[in-house]
Amino acid sequence: MTELFGLPFLTGLAMAGLLPIAGVWLRLRGEWLAALAVAHIAGAGGVVALALALPALPGALFAAVLGMLGRHLPGAGNSAYGWLILAGWAATLLIAANSPLGETLARQVIEGQLYFTGALELGAAAALVALTLALRRRIDRNELATRLLPAPDPGERFRRRRIALASDVLLAAVLAAGTLSIGLMATFALVFLPAWTAFRQAGDWRRAGRQAVGIGVVGYLAAFALALALDQPFAPVLVATLLVLASGIRLIAPRRA
Amino acid sequence: MLLDLRKVVTAPPGASTPRIGPVSLSVDAGEMVALTGPNGAGKSTLLAAITGRAPILSGTCRLAAGTRVQLVEQAHRPDRDLPVSGHDFLAAAGADPHPPAPLNDWLDRRLDAMSGGQRQLLRVWAGLTAPGELVLLDEPSNNLDAAARARLHQLLRERPPHRGLLLVSHDPELLALGCDRQVAMPEGRT
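Residues numbered from 1 in each chain as written. Chains lettered and ligands numbered in written order. Predicted model: local features only at pLDDT ≥ 70, side-chain atom pairs only at ≥ 80, totals over all residues.

### Some remarks on the overall build of chain A
- When its secondary structure is counted, chain A shows 10 helices and 0 strands.
- Its helices and strands taken in sequence order, chain A reads α-α-α-α-α-α-α-α-α-α from the N to the C terminus.
- The C-alpha atoms of chain A give a radius of gyration of 18 Å, which matches the 18 Å a tight globule of 257 residues would have.
- If you line up chain A on its principal axes, its C-alpha atoms span 55 × 40 × 30 Å.
- The buried share of chain A, taken over its 257 residues, is 51%.
- In chain A, the share of contacts with a sequence separation of at least 24, taken over all contacts with a separation of at least 6, comes to 75%. (Helix = DSSP H or I, 4+ residues; strand = E, 2+ residues; numbered from the N terminus. Rg over C-alpha atoms; globule rule 2.2 N^0.38 Å. Buried ≥ 20, exposed ≤ 12 C-beta atoms within 10 Å, placed from the backbone. Contact = placed C-beta atoms within 7 Å.)

Here it is as structure tokens:
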């Protein structure tokens, strides 16, 4: 049992800690819909790669980075993310329907394939955890300054944009790794729900991050156990668990503001 | 000379009309210069031109080499459900984390739980103490009650030395604080 589920469990645990951090950054930007959009595009990139007999992860990563950097184009915003969601969804299903592996490919990407992840996925997740921990303070400060303070001169604007681009690549990588390991909607749930609750309840930025990660990890552990015990597919169990957990905390705990 | 504007004509960001100016002024280290004029005269647009966010259509705007600018814009209400405390705000700004009383008592609160006046005073403190040689303050006394205005005056009187301040205001109390010069915006736009 441990041998069978050890690597998938650790991979999912890493993603359950990482995706809520991506969620607090995206929510601070007011761009949480980007998570769903980039996850769809990452899914499409993964399917294209599999259809071309290439590993899914690099394809998903490449597509996710392109999708994330699209936010810097003039006029980009929620409309662009809506466009990406539809384009990613259509591309994923159409490519899957017309490739030899057909439905299997689409199901792997859309529903996730946590139980089939191995050392490659765990290595990628561990690398992303290390990178996020190393960059987190700098990204936190840049995202907060960008949201709260005007950039007073071109030099400061350039500095902020440079860090934002690096953050975008990291976010894209986290979303791509999440989509391919735990599935598209589970990835979105881990980005959206913990930050949604933490932004309302936490007293400051550091606590918001800790609370979001806590909700993500507790929800993941509960969902992993429930899915195995009840013999249910993991991704929808995780989404349902996070819905109950995050909504319950919002209902019970008082608003801080 | 930290800032030297000569016959600057500008326009709101993204537009070439209406034209604002020409305006000439200078700010040296340690000086506080007031920019006055009625609402709609283009004072905030001129600050946008100084910070590179509005076009300079004619004239020259020179910042001394290496001059870093801090800009405190007019107050606006932050979104609800933003888990950012006063400590977080000052850290993000790179400002002195130890403001005087009573500002230091507010730092544990979230910004969206502070009053508008408390947020405004923290923003002024951040602008005055974050790294920078030139501070641009846009109508800092707007929406402040008498007690908060008195605290604002105290912050400005006790500001770090050697910083140049360009203060946009039409508040007579604020202008009476001891500005080195007052520059009036030209009447009307073209």
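### Some thoughts on the interface of chain B and chain A
- Across the contact, 22 residues belong to chain B and 20 residues belong to chain A.
- Among the elements that make up the side of chain B that touches chain A, the one with the highest residue count is helix α2 (residues 86-93) of chain B (6 residues).

### Considering the sheet that holds strand β1 (residues 3-10) of chain B
All names here are of chain B.
- Taking strand neighbours across the sheet as the criterion, the 3 strands line up as β2-β1-β4 in an open arrangement whose pairing is antiparallel. Both edges of this open sheet fall to β2 (20-27) and β4 (56-63), since each of them pairs with a single strand only. Averaged over all neighbouring strand pairs, the angle between strand axes comes to 5°, with direction disregarded.
- As paired strands, β1 and β4 are joined by 6 bridges and run antiparallel to one another. (Pairing = 2+ DSSP bridges. Axes fitted to C-alpha atoms, helices over the stretch in contact; angles between N-to-C directions.)

From the geometry alone we can't say anything about function, so treat these as descriptive.
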